[in-house]
Structures are given as structure tokens and as C-alpha cells.
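# Structural features, examined
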Amino acid sequence: MNPPLDIETALRPRLPSPLREVRDERFARRGLRLLLKRDDLIHPDLPGNKWRKLAPNLRAASEAGLRTLLTFGGAYSNHLRATAAAGRLLGFATIGVVRGEELADRPLNASLTQCAADGMRLLFVSRGTYRRKAEPEVLAELLRAAAPGEECFVIPEGGSNAAAAHGCLSLGEELRGAADVVAVACGTGGTLAGLAAGLAGAGSAIGFPVLRGGFLADDVESLQRAAFGARHGDWHLDERFHCGGYAKRSAGLDAFTDDFTARHGLPLDRVYVAKALYGLTTLAEEGAFPHGTTVAAVITGHPTPPNT
């Protein structure tokens, strides 16, 4: 069996991540302070919530003596890119099960090209199979197809499981006492589950789903039950800012994103971060927060590669 790795020593994350106040008149004129939690600066290849969710899973794989990681994502998945980068940096083999078998015959986009360059083996599967990936028989077949004869450590889509929720506790702990309200974009819910638990009632968390469907509240509660035994912290979701679904955009979102970058010199990831800040700014303008409230937005990652 391979000796366990010291993940933190090997990857040298910047923790705690910086917390910076920015002056934004849309908040200031309502008596609000705006803070940016710069989780995007934790690590150049595993930024933000990807580090916080992946690190405990990487430790678990290493402690189990497993050096092949298998995980799941769409064609533009930040999680796939981060897992591939972690594999390259730590010497793990990585396998990405990608939603959409039709993509196998097309040139790889920039995101998947980076995954492949970092050594990730890509397995393209039908959308029907992908939806059933958590079923034991389907997962067993995927493992046989992707890694015959290998024992893999399986990480769920988006990296969200009980271990990941525990990994995101530190995000809430770093913000506890510094902000009254914390906003975060949500894909699979693991970051919000840990963030809210880490705040421990000393602040509230708002999750802004980037997918439509209204299913995420149940997923976050399930993650908290698995990680902590019950629902924890003060949190809720605002479902109004997904702009039609994952990686979908609107004229309003694009205008907001361009304006925010011009004001503050910070390019925003439009898949996740921009939607959370768009939602938070809208809530401020709607008068959702009392005068004197300090609000924080978690900058969970870098802008995604262009869709090429």
C-alpha cells in the first residue's frame, strides 16, 4: 500500500483565504458593507470551493491506499478540471466520466482539453446513463468500462459528499463574526452545506443555485444530515438568478458582470460567481438587508475557459 500523502504540504494552499472590503455604491447607499471572500486565491489549480471539497476526499483516497480517482461532470465542469489538476500535482491517476456520449466524436473544448493535458482519462456516456450513475449496478459498469482491474476512489459529481461538507466548514468558520450574511453560488450544494454549518448561527447564508429545477434544498439538507447528523445553520436558497440553467446567461447578467469588473477590476466567473453577486446586489437594491448589515460574497473560482 502507498504511504498516505500530506495533501496540504504537497499543494500548499493559501489559507485562510483573503477577505477584502470593496466600496460599491449600490450597497453603500443603503448602509451596507460588501466583503469579497477571495477563495479563488487559495490555489491556482484548485481554487475556492474546489480545494475545500477535494482536499478531504484526496486525503481519504490516500489513506485508503488508492491512487486512482474517478469522478463525474459535464463538458465544462470546474470540478473535472480541478480533479485532473490534483491528480497531476499529487501523482494520482484520474478518470472523468463526462455527460454526453455525442461529445466523444467532437474536438475537445478548452475545459476538457485541460483535463486531458493533466492526464485525465475521459469516458463519455449517454445522458441517460449519466443520470443513473449513482445506482450501484450502473456505477459498477462504469468502473469496469473506465478502469478494468483497477480499484478506484469515487468522488461524486461536483465533489459534494459528507467529506466535502466537512471540508467547507472552515469557510464558515473563517467568516464567522466577520459578516452577517454570506452569499455563495451553488451547483451541487456541498459548499453551502459546510458554509452554513461553519457559520454556526453567527450569520446567515444565501445560496444562489446556478441550475434550475428547485431540487437543491433537499440535496443540501441531505448533505448536512450525512455530514453533521441534522440540518445546521441559518441558510436558504434564492432560485431567481440561474438565468435559465447551468452556464446559461442573460443580457442582465452580462451587463452586471461587465459593470462589476469595470468598477472593481475583478473578472467574474459567469457560470457561478457572477450569478451569486448578481443575486446579492439585487437583494441589496430590493432592501432585503437592514442598514448596518455586512454582506460577503464568496468568490469560488476563476472565469471558466472560453467555450471552444
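Quick look at the structure, then. (Residues numbered from 1 in each chain as written. Predicted model: local features only at pLDDT ≥ 70, side-chain atom pairs only at ≥ 80, totals over all residues. Heavy atoms only, no water.)

Most peptide bonds take the trans form, and the phi angle of most residues other than glycine is negative. Omega for the bond connecting Leu 15 with Pro 16 falls within 30 degrees of zero, at -10 degrees, which places this linkage in the cis form. By the secondary structure assignment, Pro 16 is in the loop between α1 (7–11) and β1 (19–22). One non-glycine residue with positive phi stands out, namely Arg 12, at about 50 degrees. Counting through the fold element by element, Arg 12 comes out in the loop between α1 and β1. Despite not being glycine, Cys 243 has its phi angle at roughly 60 degrees, a positive value. Among the secondary structure elements, Cys 243 is positioned in the loop between β9 (234–237) and α12 (251–264). For Cys 243, a relative accessible area of 21% gives the class partly exposed. (Helix = DSSP H or I, 4+ residues; strand = E, 2+ residues; numbered from the N terminus. Buried < 20%, exposed > 50% of the residue type's maximum accessible area, 1.4 Å probe, protein only.)

This part is about the sheet that holds strand β7 (residues 181–186). Here we have six strands laid out as an open sheet, ordered β1-β2-β10-β7-β8-β9, and mixed in their pairing. Only two strands of the sheet have a single partner each, and these edge strands are β1 and β9. In this sheet, neighbouring strand axes are inclined to one another by 25 degrees on average, regardless of whether the strands run parallel or antiparallel. Here strand β2 (residues 33–37) runs beside strand β10 (residues 294–298); their pairing, made up of five bridges, is parallel. Considered in β10, the bridge of Leu 36 is made with Ala 297. Each of β2, β7, β8 (204–209) and β10 touches helix α13 (residues 273–285); the most contacted strand, β8, lies at about 125 degrees to it. (Pairing = 2+ DSSP bridges. Axes fitted to C-alpha atoms, helices over the stretch in contact; angles between N-to-C directions. Contact = heavy atoms within 4.5 Å.)

In a regular helix each residue adds 1.5 Å, so 15 residues correspond to 21 Å; helix α3 (residues 49–63) covers 22 Å between its end C-alpha atoms and thus fits that length. Along α3, the sharpest change in direction is near 30 degrees and occurs at Ala 55; proline Pro 56 comes one to four residues later. With twelve of its 15 residues buried, α3 lies for the most part within the structure. Every buried residue of α3 is accounted for by Asn 49, Lys 50, Trp 51, Arg 52, Lys 53, Leu 54, Ala 55, Pro 56, Asn 57, Leu 58, Ala 61 and Ser 62. Looking one or two residues beyond α3, the residue adopting positive phi is Gly 65, at roughly 75 degrees. (Expected span 1.5 Å × (residues − 1). Bend = angle between axes of the 7 residues up to and from the residue.)

Before going further, it helps to examine helix α4 (residues 78–90). For α4, spanning 13 residues, the distance from its first C-alpha to its last is 18 Å, which sits close to the expected 18 Å at 1.5 Å a residue. Of all the 13 residues making up α4, eleven are buried; the element is thus mostly covered by neighbouring parts of the structure. Looking at the buried positions of α4, the neighbouring elements they touch are α1, α3, β3 (68–73), β4 (93–99) and α5 (110–117). Sitting at the amino-terminal end of α4 is Ser 77, which places a side-chain oxygen 3.2 Å from the backbone nitrogen of His 79. Looking at the residues trailing α4, positive phi occurs at Gly 91, about 80 degrees. (Polar contact = N/O pair within 3.5 Å; in protein donor to acceptor, adjacent residues only side chain to side chain.)

With that out of the way, let us pick up the environment of Asp 269. Tracing the backbone through its elements, the reader meets Asp 269 in the loop between α12 and α13. Each C-alpha atom of the pair Asp 269 and Gly 100 lies 23 Å from the other, and the pair is 169 residues apart in sequence. When residues no more than four places from it in sequence are discounted, the contact partners of Asp 269 are Asn 78, Ala 274, Gly 301, His 302, Pro 303 and Thr 304.

Just distances and angles here, no functional claims.
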